[in-house]
Amino acid sequence: MSAHPNEWLALESHQREFATQHMRELFAADPGRFERFSTQACGILLDFSKNRINDTTMQLLAALAESADIRGEAQRMFRGDRINTTEDRSVLHTALRLPADASLSVDGVDVVAQVHAVAEQTAAFTDRVRNGEWKGYSGKAIKHIVNIGIGGSDLGPLMVCEALKPWQQRDLNFHFVSNVDGTHISEVLKVIDIESTLFIVASKTFTTQETLTNAHTARQWFLDNGGNEDNIARHFVAVSTNSEAVSEFGIDTDNMFRFWDWVGGRYSLWSSIGLSIRLSIGNEQFDNLLAGAHEMDRHFIEEEYTQNLPVILALLGVWYGNFFGVRSHVIAPYDQYLHRFAAYLQQLDMESNGKAVQIDGSDCQVSSGPVIWGEPGTNGQHAFFQLLHQGTELITADFIVAAKSQNPRGRHQQMLLANCIAQTEALMRGKTLAEAEAELTAAKVDSGKIPVLARHKVFSGNRPTNTLIFEQLDPFTLGALIAMYEHKVFVQGKIWGLNSFDQWGVELGKALASNILAELESGSAGEHDASTIGLINYSLSANR
Ligand code: G6Q
């Protein structure tokens, strides 16, 4: 049972009403359903009317949010309480978006002043690189930016750089290296040139094996191809909280952009970890990204639950995850620029709420975070949407689309919008057996074949979707969209009683490989189970 037993029981009994209730009927009975179950903030319209809900559902869900004291919990996060208890840290990514004239004192330090001091340093560097004033060792301007980082130090910057390509300074080329697979950096080294490349080594801890290995490889490549130690400062900068490790690596700490332990990796794109974003879109647009996120922060903290975008999305996720047994949620951006958005949200959501222990150390008694996945539409329609329409499991989805294209061309945008909207309609309505039979009869299909064929053409419908639609995918809107999902994850974490801000599963991965690495390097397997030994031996013999 959840920590909110009364609200939980009320939702459980309310859910039974929906066992036989079809969304088709709900729409037929209520022409005002769209107006009632849609809301707007920060330029984003959320249509949540294609959900298995009625007014009572929203009231009961809002009561659950009330019982979990979502507003109070959010205030505790925003003001810098150490809500990340297992790491004894504040969680203050929202402070990274506060305007310069705001103030927030945490442990006697004005966090806003700190944030803006580093932002100014980062912005000044950004301008020098973008206007060609910052030169490589031979006097050439920078043309290639290589961000070396992984997880939170990669996914956010990469996703945003891709999403905001229309604002990219096109004479700069952006490359992201994350995987320890030598292929990743090798392919980048093939297309950059030593005299006009800037490497950003992005690592909060500056101890992450993959990032340091890639950074050392880049450094060696630089030295092997005409660069020397004195030139390193013109071609390598660092973004980190760990100045000691940065200078040990050989990067001048004058070329280090710092941030703080109260910025979680997957919440860090707003900090100097976003240096590659600044370099791509410029400081003004980066400020717009921050402004969009800040406006969403205010919406989240001020708006009532039933009109609050992140709270509504979170509560609907709880509704399906905990009362309909939904374990999988799709992110379907109908926007090619958002092609890394699902991968980004996968980390944000699954690393935050993929947990089974509550803050107080007790077991989580209810299902927590679902599997998050997705691909841009319309591509997904030609791949996995089949299972969304006709699979045996109920899977929920967020459809995300801009009304206006950044690249208007013939009928493309109308076709994109038509597909996006039609999918949500089909998932909601479905197709009955009678409708399928009538279609086959109209198509003059042999009547003997109709009974079996019609069964295959039935779509149950009643499959819930949210649609997020906005005018254009600009920096402000993207900032708001990302912050909306950050807060959605926060609300769900609070309802499930989790600490959404630690990541012991990631830490495990960081430690696990070291034994086997030593064995692979020494040439003999140590003590393991038979499978592990077999795999080590196979790898050793293939490389002999
Ligand atoms: C994010 C996680 C994780 C982290 C990476 C990189 O919340 O903690 O994805 O961002 O492991 O860590 P560093 O930035 O310290 O290299």
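In the block above lies the structure referred to throughout.
Everything numeric in this text was worked out from a predicted model, so none of it was measured.

(A) Highlighting the overall build of the chain. Across its full length, the chain carries 22 helices and 13 strands. Its C-alpha atoms give the chain a radius of gyration of 26 Å, within 12% of the compact-globule value 24 Å for 544 residues. Once the C-alpha set of the chain is aligned to its principal axes, its extents read approximately 80 × 60 × 60 Å. Burial statistics for the chain: of 544 residues in total, 53% are counted as buried.

(B) Structural context of the nonpolar core. W319, F341, L478 and I495 are the most contacted members of the largest nonpolar core, which totals 121 residues. Ranked by residues supplied to this core, first place goes to helix α20 (residues 475-496) with twelve residues. Once residues lying within four places of it in the same chain are set aside, the contact partners of W319 are L11, H14, Q15, F18, R52, I53, T57, L61 and F324. Formed by 24 residues, the second largest nonpolar core is a distinct cluster that contains V146, I148, F222 and A245.

(C) Spotlight on the packing of helix α1 (residues 5-17) against helix α14 (residues 309-323). At a closest axis distance of 11 Å, the pairing of α1 and α14 adopts a crossing angle of 75°. As far as their axial angle goes, α14 and α1 are roughly perpendicular. Within the contact between the two elements, α1 uses W8, L11, E12, H14 and Q15 and α14 uses V318, W319, N322 and F323. The residue makeup of the contact of α1 with α14, split by class, is five nonpolar, three polar and one charged.

(D) Quick look at the environment of T211. Within the fold, T211 resides in helix α9 (residues 209-224). On a C-alpha basis, the gap between T211 and G156 in space is 16 Å, while along the polypeptide they are 55 residues apart.

(E) Representation of the packing of aromatic side chains within the structure. Per the counting criterion, the structure on display carries 24 aromatic pairs. Three or more aromatic residues link up through ring pairs in this structure, and these residues are W8, F18, W319, Y320, F323 and F324. Lying across the ring of W270, R97 places its NZ or CZ 4.6 Å from the centre. Positioned above the aromatic ring of F249, the side-chain terminus of R219 is 5.6 Å from the ring centre.

(F) Summary view of the side chain of D349. You can see D349 is positioned in helix α15 (residues 341-353). Here D349 sits buried without a salt bridge, and the closest side chain of opposite charge, K488, lies 4.3 Å off (N-O distance).

(G) Layout of the site of the ligand. Of all residues adjacent to the ligand, which total 15 residues, the nearest are S153, S203, T205, T208 and R266. Taking S203, its side chain carries an N or O atom lying 2.6 Å from an oxygen atom of the ligand. At a separation of 2.7 Å, an oxygen atom of the ligand approaches a polar side-chain atom of R266. Where the shell around the ligand is concerned, the elements lending two or more residues are α15 and α21 (504-522). Considered class by class, the residues forming the shell around the ligand number two nonpolar, nine polar and four charged.

(H) Seen up close, the packing of α14 against α20. One can describe the packing of α14 onto α20 by two numbers: an axis separation of 8 Å at closest approach and a directional angle of 45°. With respect to their mutual orientation, α14 and α20 come out oblique. At the point where α14 passes α20, the crossing takes the right-handed sense. Listed contacts from α20 to L309, P310, V311, L313, A314, L315, G317, V318 and N322 of α14 are M484, H487, K488, V491, Q492, I495 and W496. Here the residues of the contact of α14 with α20 are counted per class, giving eleven nonpolar, four polar and one charged.

(I) Spatial organisation of the sheet that holds strand β10 (residues 328-334). Spatially, β1-β2-β13-β12-β10-β11 is the arrangement adopted by the six strands of the open sheet, whose pairing is mixed. Of all strands in the sheet, those bounded by a partner on one side alone are β1 (38-41) and β11 (371-374). On average, each strand axis in the sheet is inclined to that of its neighbour by 20°, with strand direction left out of account. Sheet topology note: the β1/strand β2 (residues 44-47) ladder contains four bridges and is antiparallel. In the strand pairing of β2, A41 is matched with I44.

What counts and how
- Residues numbered from 1 in each chain as written.
- Predicted model: local features only at pLDDT ≥ 70, side-chain atom pairs only at ≥ 80, totals over all residues.
- Heavy atoms only, no water.
- Helix = DSSP H or I, 4+ residues; strand = E, 2+ residues; numbered from the N terminus.
- Rg over C-alpha atoms; globule rule 2.2 N^0.38 Å.
- Buried < 20%, exposed > 50% of the residue type's maximum accessible area, 1.4 Å probe, protein only.
- Core = buried A, V, L, I, M, F, W, Y, C linked by side-chain atoms within 4.5 Å.
- Contact = heavy atoms within 4.5 Å.
- Axes fitted to C-alpha atoms, helices over the stretch in contact; angles between N-to-C directions.
- Parallel < 35°, antiparallel > 145°, perpendicular 65-115°, else oblique.
- Nonpolar A, V, L, I, M, F, W, Y, C, P; charged D, E, K, R; others polar.
- Phe/Tyr/Trp six-rings, centres within 6.5 Å; stacked < 30°, edge-to-face > 60°.
- Lys NZ or Arg CZ within 6 Å of the ring centre and 35° of its normal.
- Lys, Arg positive; Asp, Glu negative; His and termini not counted.
- Salt bridge = Lys/Arg side-chain N within 4 Å of Asp/Glu carboxyl O.
- Near = heavy atom within 4 Å.
- Polar contact = N/O pair within 3.5 Å; in protein donor to acceptor, adjacent residues only side chain to side chain.
- Left-handed = near helix turned anticlockwise from the far one by under 90°.
- Pairing = 2+ DSSP bridges.

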